Structures are given as C-alpha cells and as structure tokens.
Amino acid sequence: MTSDGGPWGSRTPEPERPAQPARARARLQTAWPIVLLLVGLGGLVLALTKAFPEALQTGQDWSNVVYYAGFAVLVAAGAWRMRSIGPTQILRHAALWAAIVAVLALGFAYRDEISAVPQRLSVAFNTGRPVVVGAHELAISEDERGGFEVVGKVDGQPVRFMIDTGATDTVLTPQDARRLGVDLSKLRFDEQAETANGKGFGAPYVARALEIGPIRLANFKMTINQAPMSRSLLGLSFLNRLDSFEIRGRKLYLKWGG
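Every residue gets a number counted from 1 within its own chain, in the order that chain's sequence is written. Where totals are concerned, whole chains, interfaces and linings use all residues; where local detail is concerned, this predicted model gives features only for residues with pLDDT of at least 70, and gives and counts side-chain atom pairs only at 80 or more. By convention in this description, side-chain values take in all heavy atoms of the structure and omit both hydrogens and water.

Caption draft 1: The arrangement of the overall build of the chain in detail. Within the chain, the regular secondary structure consists of seven helices and eleven strands. In this scheme, a residue with accessible area under 20% of its type's maximum is buried, one over 50% is exposed, and one in between is partly exposed, where area comes from a 1.4 Å probe on protein chains only. In the chain, which comprises 258 residues, the share counted as buried stands at 25%. Put simply, 50% of the contacts in the chain that link residues at least 6 apart link residues at least 24 apart. Here the accessible surface of atoms and residues is derived via Shrake-Rupley with a 1.4 Å probe, and residues count as covered only by protein chains that are part of the display. For the chain, the accessible area works out to roughly 18,200 Å², and carbon and sulfur atoms hold 60% of it. Numbered from the N terminus, helices here are DSSP runs of H or I no shorter than four residues, and strands are runs of E no shorter than two. Contacts were defined at the residue level, with two residues in contact if any of their heavy atoms lie within 4.5 Å.

Caption draft 2: Quick peek at the pairing of strand β2 (residues 137–141). In terms of burial, β2 is a largely internal element, five of the five residues being buried. Of the two faces of β2, the one lined by Glu137, Ala139 and Ser141 and the one lined by Leu138 and Ile140 are each fully buried. Two strands are counted as paired when DSSP detects at least two bridges linking them. Sheet topology note: the strand β1 (residues 131–134)/β2 ladder contains three bridges and is antiparallel. Of the residues in β2, the one forming a bridge with Val132 is Leu138.

Caption draft 3: Region of the structure containing the pattern of salt bridges. The term salt bridge refers to a pairing of a side-chain nitrogen on Lys or Arg with a carboxyl oxygen on Asp or Glu at a separation within 4 Å. Inspection of the entire model under this criterion finds nine salt bridges. The partner of Glu142 in a salt bridge is Arg250, and the shortest N-O contact between them spans 3.0 Å. With a gap of 108 residues between them, Glu142 in the loop between β2 and β3 (149–154) and Arg250 in the loop between β10 (244–248) and β11 (251–255) connect regions that are remote in the sequence. Residue classification places Glu142 among the partly exposed positions, given a relative accessible area of 27%. As a salt-bridge pair, Arg179 and Asp176 come within 3.1 Å of each other at their nearest N and O atoms. With Arg179 and Asp176 both in helix α6 (residues 174–179) and three residues apart, this pair spans about one turn of that helix. For Arg179, a relative accessible area of 44% translates into the label partly exposed. For Asp176, a relative accessible area of 12% gives the class buried.

Caption draft 4: Local environment of the environment of Asp190. Here Asp190 shows up in the loop between α6 and β6 (191–195). Judged by its relative accessible area of 48%, Asp190 is partly exposed. When the C-alpha positions of Asp190 and Phe201 are compared, they lie 6.1 Å apart, and in sequence the two are eleven residues distant.

Caption draft 5: Looking closely at the sheet that holds β1. Read from one edge to the other, the open sheet built from four strands follows the order β1-β2-β11-β10, with strand pairing classed as antiparallel. Looking at the sheet topology across the chains shown, the edges are occupied by β1 and β10. Neighbour-to-neighbour, the strand axes of this sheet turn through a mean angle of 30 degrees, independent of strand direction. Sheet analysis places β10 next to β11, joined by five bridges and oriented antiparallel. Paired with Glu246 across the two strands is Tyr253, which belongs to β11. As a rule, the C-alpha atoms of each element are fitted with a line to give its axis, helices using only the stretch in contact, and angles between N-to-C directions run from 0 to 180 degrees.

Caption draft 6: View of the packing of aromatic side chains. Ring pairs shown here join Phe, Tyr and Trp side chains whose ring centres sit within 6.5 Å, with only the six-membered ring taken for Trp; geometry is labelled stacked below 30 degrees between planes, edge-to-face above 60, and tilted in between. Considering all chains together, one arrives at zero aromatic pairs under this definition. Charge-over-ring contacts are defined here by two conditions on Lys NZ or Arg CZ: a distance within 6 Å of the ring centre and an angle within 35 degrees of the ring normal. When the ring centre of Tyr253 is taken as origin, the NZ or CZ atom of Arg248, which lies over that ring, is 4.0 Å away.

Caption draft 7: Just unusual backbone geometry, in detail. The residue Asp155 is not glycine, and still its phi comes out positive at about 55 degrees. Of note, Asp155 is situated in the loop between β3 and β4 (157–163). With phi around 65 degrees, Arg250 is a residue other than glycine that occupies positive phi space.

Caption draft 8: Spatial organisation of the environment of Thr168. Within the secondary structure, Thr168 sits in the loop between β4 and β5 (171–172). The class for Thr168 is exposed, based on a relative accessible area of 58%. Linking Thr168 and Asn240, residues 72 residues apart in sequence, is a C-alpha distance of 9.7 Å.

And the structure:
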C-alpha cells in the first residue's frame, strides 16, 4: 500500500481547472473591439470639434454627441455579440426591433389621437357623469331613451338631473329634497307652473351651490316640486347661465366662461 494512496490505497483525481492565461486571453479578445470602437469615437469627436468648432457650443450639442456615441456603442456591441448567432436568429431579432421601432414611430405620429382615447371612451360609456372635452367645455352623452341626464351636486350631495330645455326652472323632486335634508312640511307649495301633466305646484328653494362637473353656481334658485317626479330637472335657469349649449352627434356640449 503506497503512502500517497490514502487509507484505501487510492485517491480521487482532482478536476482540471482551465488555465488562467487562457481566460485572460478570451476576455481580451472579447473586449478589444469595444475598446477600439471607443478610441475611434473619441478620435472622431475630437476631429469634428477641431474641424467644426461652431457646431459644439452648448450643453445640448454635447449631450447629443454623447447620446449618439452611446447608441453607436450599443449597436456595435450587439453586432459583435451576434457573431455566434445564426442568420435565422439575426433575422428574428431584426424583425423584432423593426416592429418596436414601427410601434414607437406610429405612437409618436398619432400621439394626439392616442391621448384623446380615454376621453372618448369616457364620453362613449357615459353613465351621467359630465366629461371635460376642452377648455371650459363639457360633453354629456345621449341616453338610451334619447334624452340627456347628468349627475350633479346640490349642496355637496349627488343629484341625477334630466336636462330639459323646455323647463324654465331647475326643479328638485321631493325625494331628492328630502335627501338634502329639506323639511317639506315647512314649505309652502304656492308657486304654480304648467307641466306636461297639467298644472303643478312647487316651493322656492335656494341651494348654497349647484355643481355640474367643474361648473359651480352659488346661491342658485331652484324649485322643489310638490308631486313626485322620476327625475329632478335641470332647466333654462341653469342653461342660460352658460355661454352656450348645443347638441352635436348625440352629445350635449356645455360651454361656460373662464
């Protein structure tokens, strides 16, 4: 039994390790093209600075140089890395980048239309909430019955109104008035008005604020109807306070001053 064989007379051979110089040579072979590219870019920038000193005078000019130089390094590094990739894989990568560039280009070209998509969806699927579509302009979509309804606020409480251009006043239903905390037993329903169902009676009410979207009218005079109604009415007493209102393409547009 030999002394170098251990107690069992044998020894497991250790795995061979790659020589360190071989690793260093491999790293050097990978890095030298990138280093050469950086040196070349530096020389090119220096030459351009000497030849066209007026072209690089501001920080923006230099930032552009750095941007394009970095882009060139990135492209070169990718090209060097793809040396070991087959032509089929190269074509796949090229097609992917072409698609990405095309999407970005289309997004930039139609950026205004794309930014307006959420607004158009809000108008199309309107549930009574007014949608701001421009400077001091609201849009309200037509409902399934061909009318226009909007959710506003009276004294901070939500109220659903039917917009009625044939109604002179803005009228609250008794139900909505109770939700606002109005004691109907203390009101005098002595205001007479002609309605589609004949004569109606109402009581005057002054809201601290009427809000339709960003439109806010303080100390707004309204009428509380005595008889039950399916909806409160937003009439000409509100609409005439606006700059204009018009129906276009199944939408009601409200405009008011700044």
